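Now for the letters of each chain:
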Amino acid sequence: LEVGRAQRRASWWVGRRGQLLARAAEGTPRYVYDLETVREHARVLTGTDAIDRCYFAIKANPHPAILRTLVTEGFGLECVSLGEIEHVFANVPGLSPQRVLFTPSFAPRHEYEAAFGHGVTVTVDNVEALQRWPEVFRGRTVWLRLDLGRGEGHHAKVKTGGVAAKFGLPLARVDAFLDAARAIDLRIGGLHAHLGSGIDDARHWHDVYAQLACLADRIGTVESIDIGGGLPVPYTPESPLFDVALWRSGLEAIKADYPRYRLVVEPGRYLVAEAGVLLLSVTQVVDKDGVRRIGADAGMNALMRPSVYDAYHGIHNLSRLGDEDTLEYDVVGPICESGDVLGFGRPLPAATAEGDVLLVADTGAYGMVMANTYNLRALPAEDVIE
Ligand code: LLP
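Residues numbered from 1 in each chain as written. Predicted model: local features only at pLDDT ≥ 70, side-chain atom pairs only at ≥ 80, totals over all residues.

Participant: Describe the overall build of the chain, with residues and values.
Facilitator: In terms of regular secondary structure, the chain is built from 13 helices and 17 strands. With respect to the three principal axes, the spread of C-alpha positions in the chain is 70 × 45 × 40 Å. (Helix = DSSP H or I, 4+ residues; strand = E, 2+ residues; numbered from the N terminus.)

If you want it as C-alpha cells, here you go:
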C-alpha cells in the first residue's frame, strides 16, 4: 500500500492531464478532487484494528462528495461549528449522529445547545463553560479536550497546545474540571487531545494515547480516547513520506497496553490534500528588474496557504508538461498585496504564455475552504473526478 502511494504521489493528475485541461477550459480558477485518492488514503488509516473510529476533520475539505466517500469508507465526521454540523447532516443522507463529533473552540452557547439537540458527541475544553452554562451541560456526557502542554506542527500558527494556544484544558486544571462536572452531574465519556497540524514524528500519537490513557484510568468513566489529527503530507519533493507503518505499529502496541479504551483519530489533511489540485490560467508573464514572474488568474484569494504559512505547493504548467527548457519564475496572483505569491523561483517552461493552464498540487486540504473574495474576485469552481 505504501509503495503504491509513493508511486502515485504525483501521478493521478499526470494520468488525467487531458481531462483536467478540458475542465480548465470550462473556467479557472478551479479545484478538482480525485475521489479514488481519497479512498486510498482512507484505507491506509482504516487498515488496522487498533483504531476504533476515524473521524474526518471536515474543516480540511467539506465538499459533499468527499464527505460521502469517507462516510462510505466507515469514517465519522468531526465538526467545529454549527455550520459544519448542519452541513454534514444536509449532505450525507442517513448520517447517524453517533458518527459526528463536535470539537468547537470558544463557540457561543447556542452552538453547544444545538449540538446536544442533534445528538452528536460534544467536546468541552474549559471549566468556565460549565460554570457559566450549567443548564446546558447538566446530566450530559461530554469529551474533555486537554492541552498536554506542548504544541506540534508545520508552522507556529497551527500548533494547538501549550501556553500560547487557546485550545484545551491544562492538565493542572483537570481536578477543577472534574469538580465542576460532578456538581452538575456531567459525565466525562472521552478524552481528547489535538496538538497541531502537520506533525512529522510518527510516534507522536502513541505518546498522546499513553498520556491520555493514564489520565483516563484515574477518571474512571472514560470510554474513548481521541488522539487528534495532524498527520503530515509530503508537499515538497524532498519531504519524506510519512511512516504510516510505524504510526500504525505504535498505535497497535499502545492499544495492547490499554485495551479498554476506544482509540479515536481525527485527521483532515492526510485524507484529502494529495487528492486535490488547483487549476489556474496564466494571465501575463513579466520580467521586472531581472525577476521573472508568471501571473495567474487567482493567488492568495484561492489558496491562502503559501501567504499565511509560507507553505510549499508544487506548481506545474499542465499545458506544457514535460517541456524541459525551463526558467525560474515567481508565480503570483492578481491580488493587490505583495504577499500574493504562490511559489518563489519555480522552474517552469520558458515558453509559458498567456492562457496556459497551471496546476497547483496537493491543494485538496485547506484550499477551497479557506478561499475568499478579496478584491471582489470570484471564488474558484470545484469539480470531482470519480
Ligand atoms: N482536530 C482538530 C481539533 C483540529 O483543530 C484539526 C485542525 C484537525 C483535527 C485536523 O488536523 P489535520 O489532520 O488536518 O492536520 N489551515 C492550516 C491547518 C489548520 C488546522 C486546524 N485544525 C493549514 O493549511 O495548514
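Participant: If you had to explain unusual backbone geometry to someone new, which residues and values would you point to?
Facilitator: Geometrically, the link from Thr28 to Pro29 is a cis peptide bond, its omega value of -5° lying close to zero. Residue placement: Pro29 occurs in the loop between helix H2 (17-25) and strand S1 (30-34). Even without a glycine there, the phi angle at Asp362 is positive, about 55°. Within the secondary structure, Asp362 sits in the loop between strand S16 (357-360) and strand S17 (381-385). On the basis of neighbour counts, which here come to 25 C-beta atoms within 10 Å, the residue Asp362 falls in the buried class. The phi angle at Tyr366 is positive, at roughly 55°, despite the residue not being glycine. Since 24 C-beta atoms lie within 10 Å of it, Tyr366 is described here as buried. (Buried ≥ 20, exposed ≤ 12 C-beta atoms within 10 Å, placed from the backbone.)

Participant: I'd like a description of the site of the ligand, backed by residues and values.
Facilitator: Taken together, 21 residues sit near the ligand, with Ser197, Gly229, Gly268, Arg269 and Tyr366 positioned nearest. Put simply, the parts of the chain that give the shell around the ligand at least two residues each are helix H12 (269-272) and helix H13 (305-309). Classifying every residue of the shell around the ligand by side-chain character gives eight nonpolar, nine polar and four charged. (Near = placed C-beta within 6 Å. Nonpolar A, V, L, I, M, F, W, Y, C, P; charged D, E, K, R; others polar.)

Participant: Quick one: what's the story with helix H11 (residues 244-257), residue by residue and with numbers?
Facilitator: Given 3.6 residues per turn, any residue in an α-helix points the same way as the ones three and four places further on. Between the first and last C-alpha of H11 there are 20 Å, a value that for 14 residues agrees with the 20 Å anticipated at 1.5 Å per step. When H11 is considered as a whole, its buried residues turn out to be Trp247, Gly250, Leu251, Ile254 and Lys255. Projected down its long axis, H11 carries its buried residues within an arc of 130°, all on one side. Residues of H11 that are buried in the fold lie against helix H10 (204-219) and strand S10 (262-265). (Expected span 1.5 Å × (residues − 1). Arc of directions from axis to C-beta. Contact = placed C-beta atoms within 7 Å.)

These figures come from the coordinates and say nothing about function on their own.
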